[in-house]
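Structural features, examined
The chain contents come next:
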Amino acid sequence: MSEQDCSKLTEEVRKLESELGEKYEGVFISDPDKIASIAGEIKTQTGASDEAIKCYIYKNLSIGNLTPFLLDGNLEEIMEIGGGEPVYVYDKNTGMTESDTTLETKEIKDIIRKIARYSGRTVDGSNPLLDGRLPDGSRANATFPEVTPRGPTLTIRKFEKESLSISDLIRFGTMTPTLAAFLWLTVEGLGTKPANVLVLGGTACGKTTTINALSHFIPAGERIISIEDTLEVNLRHKHWIPMETKPSDPGKDNEIEMDDLLKNALRMRPDRIIVGEVRSKEALSLFTAMNTGHDGCMATIHANSAKEALTRLQTHPMNVPDVMIPALDLIIAQNRRVEEGKIVRRIVEVAEIGGREGGTILTNTLFKFDPEKKKLEINLLNGRIIQELSTLTNLTVKEIDAELDKREAILDTMAKNRADRDTLHEVVNLYYKNPDEAIELLYERVKG
Ligand SMILES: Nc1ncnc2c1ncn2[C@@H]1O[C@H](COP(=O)(O)OP(=O)(O)O)[C@@H](O)[C@H]1O
Ligand SMILES: [Mg+2]
């Protein structure tokens with residue numbers, strides 16, 4: 001549907017606007033299912049034509065002529081650059097593409113103001129920069145001509161609804177089924193002690209994706225709070241509260257930082273806390289949480305090795321005292337490198353914190369991947385974590401080993417058959433209640 005199509009329907013749309021009045025005031029949609037259901041409601045109430053309803057929705061409840069881009073699952077980014085240029089889109093398959101839609105300056109400004117209103121912010125000549133959000137979690141950045149003289153700009157980074165799953169990560173070689181089974185068992189904690197986990201690595205090496213994939217092992221009934229600068233973690237859990245930092249309003253000092261959110265989250269009785277990337281004083285709050293009985297915390301940190309991560313944690317601005325570090329159970333080091341001309345993201349090391357000697361933190365390597373020699377060293381059962389789980393559950397290490405084998409077989413089957421997310425979610429959660437039924441369900445699904 002283009003602007004021309006809608007301009008032919010101006011009269012009908014106006015009629016709809018007056019009929020519906022304020023009924024949908026403040027409703028702002030970017031989800032195709034919601035658009036369809038609201039369109040149905042309007043149809044029942046007014047009997048207007050489908051085309052007119054579509055135009056009414058685009059104009060009033062969504063982001064105008066940019067809406068179709070928002071609904072297109074192949075697009076990662078939508079870019080309005082001003083100066084009468086067409087809208088650019090970044091397509092997953094074809095990359096940067098010029099679209100055949102061009103917007104008028106007035107329409108762009110209207111869309112930007114609408115996003116600002118939705119995000120509770122103002123944008124105008126004296127506040128020409130906007131960081132906002134759309135209801136589906138997409139991020140929007142906009143500028144007004146005071147800083148971009150060719151015209152207002154708008155950059156929408158669409159929210160990735162489906163992040164890679166554990167079965168994708170196994171398939172891509174990021175982790176082996178054996179390692180994935182170990183992480184499943186420790187993240188879940190055999191119903192006793194979920195591990196506190198830190199994923200480290202460089203930019204874009206897949207830290208957040210790994211945390212997200214591991215989160216799917218958290219039993220469905222647990223209360224999860226995630227804290228991020230930009231919403232990236234994406235869970236299937238119903239009892240999940242995603243929290244996001246908020247920048248200061250212009251001229252005010254009312255920024256809400258990760259640390260504020262984390263401190264607040266601790267008063268919300270979470271079962272699990274997931275922290276996007278720790279950079280600053282929130283690290284101390286996170287370790288305080290881990291040291292006061294909050295198990296199953298997960299976070300990422302920008303570092304190149306376990307040693308570097310531990311040093312960074314203990315120095316300014318994170319300042320975590322060394323006595324607090326052993327509350328962390330696992331450090332997962334991930335990297336991104338080119339192997340045989342292809343980008344591969346791999347978990348290269350998993351270490352557990354063995355304790356402390358003097359001021360030095362002892363680590364115990366459980367898993368190591370040598371990308372040069374393509375060699376694995378696996379020592380998963382000999383560590384403190386498995387010992388602790390054995391004590392807590394009254395299972396022998398041998399029994400835990402058998403449990404790992406069972407989970408490994410499930411993960412391997414899921415990866416090889418590209419099991420979908422629903423299957424993953426259902427199988428994992430049924431497994432906690434009845435492992436045999438879960439395995440049966442999995443085979444049914446991958447065969448069917
Ligand atoms: N294991 C992986 N294999 C292939 N692609 C991945 C993997 N992990 C992440 N990606 C892709 O890499 C990009 C960056 O991932 P992200 O998890 O955000 O990295 P980080 O948190 O380390 O900055 C995303 O587009 C994601 O889809
Ligand atoms: Mg990240």
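Only a predicted model underlies this, so the values are computations on that prediction, with no experimental measurement involved. Residue positions are given per chain, counting from 1 as you read along its sequence in written order. Lettering for chains starts from A, numbering for ligands starts from 1, and both go in the order in which the items are written. Given that this is a predicted model, residues contribute local features only at a pLDDT of at least 70 and side-chain atom pairs are listed and counted only at 80 or more, while totals for whole chains, interfaces and linings are drawn from all residues.

**Let's talk about unusual backbone geometry**
Here the bond from His 316 into Pro 317 is cis, since omega is 5°, no more than 30 degrees from zero. Put simply, DSSP H or I for four residues or longer makes a helix, DSSP E for two residues or longer makes a strand, and each gets a number counted from the N terminus. Counting through the fold element by element, Pro 317 comes out in the loop between helix H12 (306–314) and strand S12 (330–339). We note that Arg 269 has phi near 50°; this positive angle belongs to a residue other than glycine. Mapped onto the elements, Arg 269 comes out in the loop between helix H10 (258–266) and strand S10 (272–278).

**Considering the pairing of strand S7 (residues 197–201)**
Put simply, a residue is buried when 20 or more other C-beta atoms lie within 10 Å of its own C-beta and exposed when 12 or fewer do; between those, it is partly exposed, and each C-beta is set from the backbone. For S7, a buried count of 5 out of 5 residues is recorded, marking the element as mostly surrounded by other parts of the structure. Covered by surrounding structure in S7 are Val 197, Val 199 and Gly 201 together with Leu 198 and Leu 200, the residues of both alternating faces. Note: S7 against strand S11 (residues 298–302), 5 bridges, orientation parallel. Paired with Leu 200 across the strands is Ile 301, a residue of S11. A strand pair is defined by DSSP finding two or more bridges across the two strands. Examined bridge by bridge, S7 and S12 share 4 bridges and lie parallel to one another. What sits directly across from Leu 198, in S12, is Ile 331.

**Looking at the sheet that holds strand S6 (residues 153–157)**
The antiparallel open sheet is built from 6 strands, whose spatial order is S3-S2-S1-S6-S5-S4. The two strands at the open ends of the sheet, each matched to only one other strand, are strand S3 (95–98) and strand S4 (129–133). Each neighbouring strand pair of the sheet contributes to a mean axis angle of 15°, computed without reference to strand direction. When strand S2 (residues 88–91) meets S3, the two strands line up antiparallel, connected through 4 bridges. Pairing of Tyr 90 across the sheet is with Met 96, part of S3. Contacts between helix H6 (residues 105–118) and the sheet are confined to strand S1 (75–80), S4, strand S5 (139–143) and S6, with S4 contributing the most and set at about 60° to the helix. Working convention: axes come from line fits to C-alpha atoms, limited for helices to the stretch in contact. Angles between N-to-C directions cover 0 to 180 degrees. By the convention adopted here, residues make contact when the C-beta atoms placed from their backbones lie within 7 Å.

**As for the domain arrangement of the chain**
Each domain's limits were defined by an automated method or a database of domain assignments. Here the chain is described as being made up of domain 1 (3–157) and domain 2 (166–447). Its C-alpha centre places domain 1 at a distance of 37 Å from the equivalent point of domain 2. Each partner contributes to the interface: domain 1 provides 5 residues, whereas domain 2 provides 5 residues.

**Description of the pairing of S4**
Of the two faces of S4, only one is covered, namely that formed by Leu 130 and Gly 132; the face formed by Leu 129, Asp 131 and Arg 133 stays uncovered. Examined bridge by bridge, S4 and S5 share 5 bridges and lie antiparallel to one another. What sits directly across from Arg 133, in S5, is Arg 139. Two successive antiparallel strands, S4 and S5, enclose a turn made up of 5 residues, where Gly 137 displays a positive phi of approximately 100°.

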